[in-house]
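# Inside the fold
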Amino acid sequence: MNRKTEGLARLVCTVLGMASVVCVLAITLYLILSGLPAIQKIGLGDFLFGPVWAPSARNPQYGILPLLLSSLAGMAGALAIGVPTGLLVAVYLEKLAPARIRRFVFPFIELLAGIPSVVYGLVGMFVLVPGIRVLFHVPDGSGLLAAIVVLSVLILPGMVSLSCSALKAVDPAMEQASLAMGADPVQTAFKISVPCARRGIANAVVLSAGRALGEAMAVMMVCGNVANWPAPFSSVKFLTTAVAGEMSYAYGLQREALFSIALVLFVLIFILNVAVYLTGRKGKA
Amino acid sequence: MKVTSLFASLFLGLSSLFSAGAPAITTDGSTSMERAIGFLSETWTGQNPVTYNPTGSSSGIQAVKEGRCDIGLSSRPLKEGELEGGLETIPLCQDGITIVLNPENEVDSLDREELVALFSGQEKTWDSGNPVVIIGREAASGTRSAFEAALGLRDQCDYRQELTSNGDVLAAVSQNPNAIGYVSSSSVNDMVKVPEAPSFASTFYLVVKNPDERVQAFLDFCFSQKGRAAIESAGCIPLS
């Protein structure tokens, strides 16, 4: 009887586990099948490196280079602000802060992670965009910088909580040994705990990068949505905002091109994940 | 026991959601027509409820062509290629496109040449020396297409922001003292200032494909005495 239930449980878990694999494979296949036709029609070079995105103009042009560079610049900017901040917050909370403060701060970080991204976009639209305009004396505050700030706040909670888990998992014996050798807690945290948790932290960075690359709603509300080259104060369009904003009315080649953009996004995320997998393996060896 | 009753009520609630009486008359399209359709569906007393999905003119036309809705709403005339597949357009009412400024802007009037210079990016500063910030609609917007056609500036406007609804344009213009934009006249509110400027008439169209009895009843209602009154209270001029 007991053995039977165990077998059943094993079967259920295997099926569920395989289901997620099947989902990923199905989505990959679908994206490739629906994304390739437009790339074939437009030409890979013209699609990836074409400088003008104007799919609904009278002479439509389907070059995604400005969108691609804007997306990458937005992600890089968000990581440049979000990763150091998140990591320092995590080190402080997990290794240096008194338990009282940790118990107080942690729920707020979790709450921050739970706020829907459209709310970040709304605050960005009514506070950040006018704020940037006044602060930097530019004609209009919407654009890449506003998107970067919104994205870095958006990835912060994930960065903090994932880094915290990684730091928590460090073998206490290592830290105790360091302290016993006379290193102070700050030295121990940065020279022992962080290096030991680097795999988990790298994972946190990649997941944050994916989040920043994939976010559409919050970005759409502050970036201006005109497909210019990326510059801090110029209005930009991201890969995601092109898909989200144009899918509702696109048809024909434009619709197919939006699927191709989704495929490009998917490939970028895939590359990120492979990169962290490889660095992780090297770290272990 | 409690859990079962909870599930039972949940199930009942869900099933009542999906079996809601008579099939709805679905409309889809122009965000500028929100008020007109809203007033019409409120006064409509027919059995079938009227639903509205604000997606934009091009999207609405596409939806009715693909049979995803009963009535497409367009705030611009249909282009040649779009009329294929047995689509029929019915002019519903006239609305205007209104130029809007930030309340802090000192400009009180703009003529047609000034508007062309501003929106095409030839004139980059206001009289005060501040830079002009142009807020417009997304490429598929009927309001944008009607406005650009009226100024002879198709695909030539120098937008700083392209937003997806009248409300977004009003919000963005109200947030930036140097902004100028255009919205459907019936959606103007007091967040923005309306300068003296030429007004651009635009026509709202209903787009249908082989309407059945259910849809035809609503179309008849739109052109009845009551329907015309509803359109007038929405701030538009009914057409016969």
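Every chain begins its residue count from 1, and numbering advances along the sequence as written. To read the labels, note that chains go from A and ligands from 1, taken in the order they are written. Given that the model is predicted, a residue must reach a pLDDT of at least 70 before its local features are reported, and side-chain atom pairs must reach 80 or more before they are shown or counted; all residues, however, enter totals for whole chains, interfaces and linings. Heavy atoms from the whole structure form the basis of all side-chain values; hydrogens and water molecules are not counted.

## A look at a nonpolar patch on the surface
Residues and elements named next belong to chain A.
- Exposure above 30% relative accessible area and the lack of any salt bridge qualify a residue for a patch; like charges then connect within 9 Å, and the nonpolar side chains Val, Leu, Ile, Met, Phe, Trp and Tyr within 5 Å. All accessibility values rest on the Shrake-Rupley procedure with a 1.4 Å probe; residue burial counts only the protein chains present in the view. A pair is scored as a salt bridge if a Lys or Arg side-chain nitrogen falls within 4 Å of a carboxyl oxygen belonging to Asp or Glu. A grouping of I115, V118, V119, L122, V123, F126, V127 and M217 is seen on the molecular surface, where their side chains present a nonpolar patch of about 630 Å² in accessible area.
- Under the DSSP-based scheme used, a helix requires at least four consecutive residues in state H or I and a strand at least two consecutive residues in state E, with every element numbered from the N terminus. Examining the composition of the nonpolar patch, we find that six residues originate from one element, helix 5 (residues 117-136), more than from any other.
- Tracing the backbone shows V119 in helix 5.

## Quick notes on the packing of aromatic side chains
- Working definition: a ring pair exists when centres of Phe, Tyr or Trp rings (six-membered ring for Trp) sit within 6.5 Å. Plane angles under 30 degrees give stacked, over 60 give edge-to-face, the rest tilted. Throughout the structure, instances matching the rule amount to twelve aromatic pairs over all chains.
- Note on A:W53 and A:Y62: the rings are 6.1 Å apart at their centroids and 75° apart in plane angle, and the pair reads as edge-to-face.
- The exposure class assigned to A:W53 is buried, which follows from its relative accessible area of 7%.
- Aromatic rings pair up to connect B:F119, B:F147, B:Y159, B:Y182 and B:F200 into one cluster. Working definition: with a 1.4 Å probe on protein chains only, accessible area under 20% of the residue-type maximum means buried, over 50% means exposed, and in between means partly exposed.

## Some remarks on the environment of B:N176
- Residue placement: B:N176 occurs in the loop between helix 6 (166-175) and strand 7 (179-184).
- By relative accessible area, B:N176 is classed as buried at 1%.
- Residues B:N176 and B:I135 lie 41 residues apart in sequence; the distance between their C-alpha atoms is 10 Å.
- Any two residues whose heavy atoms approach within 4.5 Å are treated as being in contact. With sequence-adjacent residues up to four places away left out, B:N176 is seen in contact with A:R133, A:P139, A:D140, B:N102 and B:V133.
- Of note is the side chain of B:N176, whose polar atom sits 2.7 Å from the side chain of A:D140.
- Looking at B:N176, its side chain comes within polar contact range of the main-chain nitrogen of B:N178, at 2.9 Å. Throughout this description, a polar contact denotes any pair of N or O atoms lying within 3.5 Å of each other; where both atoms belong to protein, one of them has to be capable of donating a hydrogen while the other can accept it, and for residues adjacent in sequence the pair is counted only when both atoms sit in side chains.

## Examining the side chain of A:S142
- Within the secondary structure, A:S142 is located in the loop between helix 5 and helix 6 (144-168).
- A polar side-chain atom of A:S142 sits 2.7 Å from a polar atom in the side chain of A:D140.
- Side-chain polar atoms of A:S142 contact the side chain of B:Q161, separated by 3.1 Å.

## Here we look at a negative patch on the surface
All names here are of chain B.
- His is not counted, nor are the chain ends, whereas Lys and Arg count as positive and Asp and Glu as negative. Note on charges: their place is set at NZ of Lys, CZ of Arg, CG of Asp or CD of Glu. A contiguous patch of negative charge, built from D111, E113, E114, E123 and D127, is present on the exposed surface.
- Relative to the helices and strands, D127 is located in the loop between helix 4 (112-120) and strand 5 (133-137).
- Classification of D127 by relative accessible area gives exposed; the value is 80%.

## A look at the interface of chain B and chain A
- In this complex, chain B contributes 23 residues to the contact, which on the side of chain A involves 19 residues.
- Once two parts are brought into contact, the accessible area they lose, counted with a 1.4 Å probe and summed over both, makes up the buried area. Looking at the side of chain B facing chain A, the largest losses of area belong to B:R160, B:E162 and B:Q175, adding up to 30% of the total buried there.
- Between A:D140 and B:R160 there is a salt bridge, and its shortest N-O distance comes to 3.9 Å.
- Counting residues per element, the ones that place at least two in the side of chain B that touches chain A are helix 3 (57-65), strand 6 (161-163) and helix 6 of chain B.
- Residue composition of the side of chain B that touches chain A, grouped by class: eight nonpolar, eight polar and seven charged. Basically, the charged four are Asp, Glu, Lys and Arg, the nonpolar ten are Ala, Val, Leu, Ile, Met, Phe, Trp, Tyr, Cys and Pro, and anything else, Gly included, counts as polar.

## Things to note about the packing of helix 6 of chain A against helix 9 (residues 198-214) of chain A
All names here are of chain A.
- One way to put it is that helix 6 packs onto helix 9 with a least axis distance of 9 Å and a crossing angle of 160°. One finds that helix 6 runs roughly antiparallel with respect to helix 9. Helix 6 and helix 9 meet at a crossing whose hand is right-handed. Only G200, I201, A204, V205, L207, S208, R211 and A212 of helix 9 make contact with helix 6, whose side of the interface consists of L151, L154, I155, M159, L162, S163 and A166.
- Tallied by class, the residues present in the contact of helix 6 with helix 9 amount to eleven nonpolar, three polar and one charged. Note on geometry: axes are lines fitted to C-alpha atoms, helical ones only across the stretch in contact, with angles between N-to-C directions running from 0 to 180 degrees. When an angle is under 35 degrees it counts as roughly parallel; over 145 it counts as roughly antiparallel; between 65 and 115 it counts as roughly perpendicular; any other value is oblique. Whether a crossing is left-handed or right-handed is set by the direction in which the near helix is turned from the far one by less than a right angle, anticlockwise for left-handed and clockwise for right-handed.

## Details of the packing of helix 2 (residues 34-43) of chain B against helix 8 (residues 225-233) of chain B
All names here are of chain B.
- Two elements in contact, helix 2 and helix 8, have axes separated by 8 Å at closest approach and are oriented at 140°. Taken together, the axes of helix 2 and helix 8 lie oblique to each other. Helix 8 is crossed by helix 2, and the crossing has right-handed handedness. Two secondary-structure elements touch here, helix 2 through R35, F39, L40 and T43 and helix 8 through G227, A230, I231 and S233.
- Classifying every residue of the contact of helix 2 with helix 8 gives four nonpolar, three polar and one charged.

## Looking at the confidence of the model for chain A
- pLDDT gives the predictor's per-residue confidence on a scale running from 0 to 100. On average, chain A scores 90 in pLDDT, and the residues at 70 or more come to 97%.
- The weakest mean pLDDT in chain A belongs to helix 12 (residues 253-284) of chain A at 83; the strongest belongs to helix 3 (residues 65-96) of chain A at 95.

## A short note on helix 5 (residues 142-151) of chain B
All names here are of chain B.
- Across the ten residues that make up helix 5, a large majority, eight, are buried.
- Taken together, the buried positions of helix 5 are G142, T143, R144, S145, A146, F147, E148 and L151.
- One side-chain oxygen of the residue at the start of helix 5 lies 3.2 Å from the amide nitrogen of T143, identifying that residue as S141.
- The first or second residue beyond helix 5 is G152, which carries a positive phi of 70°.

## Quick notes on the environment of A:L128
- By secondary structure assignment, the location of A:L128 is in helix 5.
- A C-alpha to C-alpha distance of 9.8 Å links A:L128 and A:L145, two positions 17 residues apart in sequence.

## Observations regarding the side chain of A:S70
- Positionally, A:S70 belongs in helix 3.
- Among the polar contacts listed, one links the side chain of A:S70 to the backbone oxygen of A:P66, at a separation of 2.7 Å.

## Side note on the confidence of the model for chain B
- Averaged over all residues, the pLDDT of chain B equals 86, while 91% of them reach at least 70.
- Both scores are available for the predicted complex, with the pTM at 0.80 and the ipTM at 0.74.

## Remarks on the nonpolar core
Residue and element names in this part refer to chain A.
- F47, W53, I64, L239, I261 and V264 are the most contacted members of the largest nonpolar core, which has 65 residues in total.
- For this core, the leading source of residues is helix 6, giving 13 residues.
- Not counting chain neighbours up to four residues away, the residues in contact with W53 comprise Q61, Y62, G63, I64, L67, A227, K237, A242, E246, A257, L258 and I261. Here, the term nonpolar core denotes a set of buried Ala, Val, Leu, Ile, Met, Phe, Trp, Tyr and Cys residues that are joined through side-chain atoms within 4.5 Å.

## Notes on the environment of A:I39
Residue and element names in this part refer to chain A.
- With respect to the element layout, I39 can be found in helix 1 (residues 2-42).
- With relative accessibility at 11%, the residue I39 sits in the buried group.
- Separated by 23 residues in sequence, I39 and Y62 have C-alpha atoms that sit 9.6 Å apart.

## Structural notes on helix 8 of chain B
All names here are of chain B.
- Among all positions in helix 8, only G227, A230 and I231 are buried. Projected down its long axis, helix 8 carries its buried residues within an arc of 100°, all on one side. Away from its buried face, by an angle of more than 90 degrees, helix 8 presents the exposed residues Q225, K226 and E232.
- Along its buried surface, helix 8 packs onto helix 2, strand 4 (87-101), helix 7 (213-222) and strand 9 (237-238). Directions pointing from the helix axis toward each C-beta atom define the arc.

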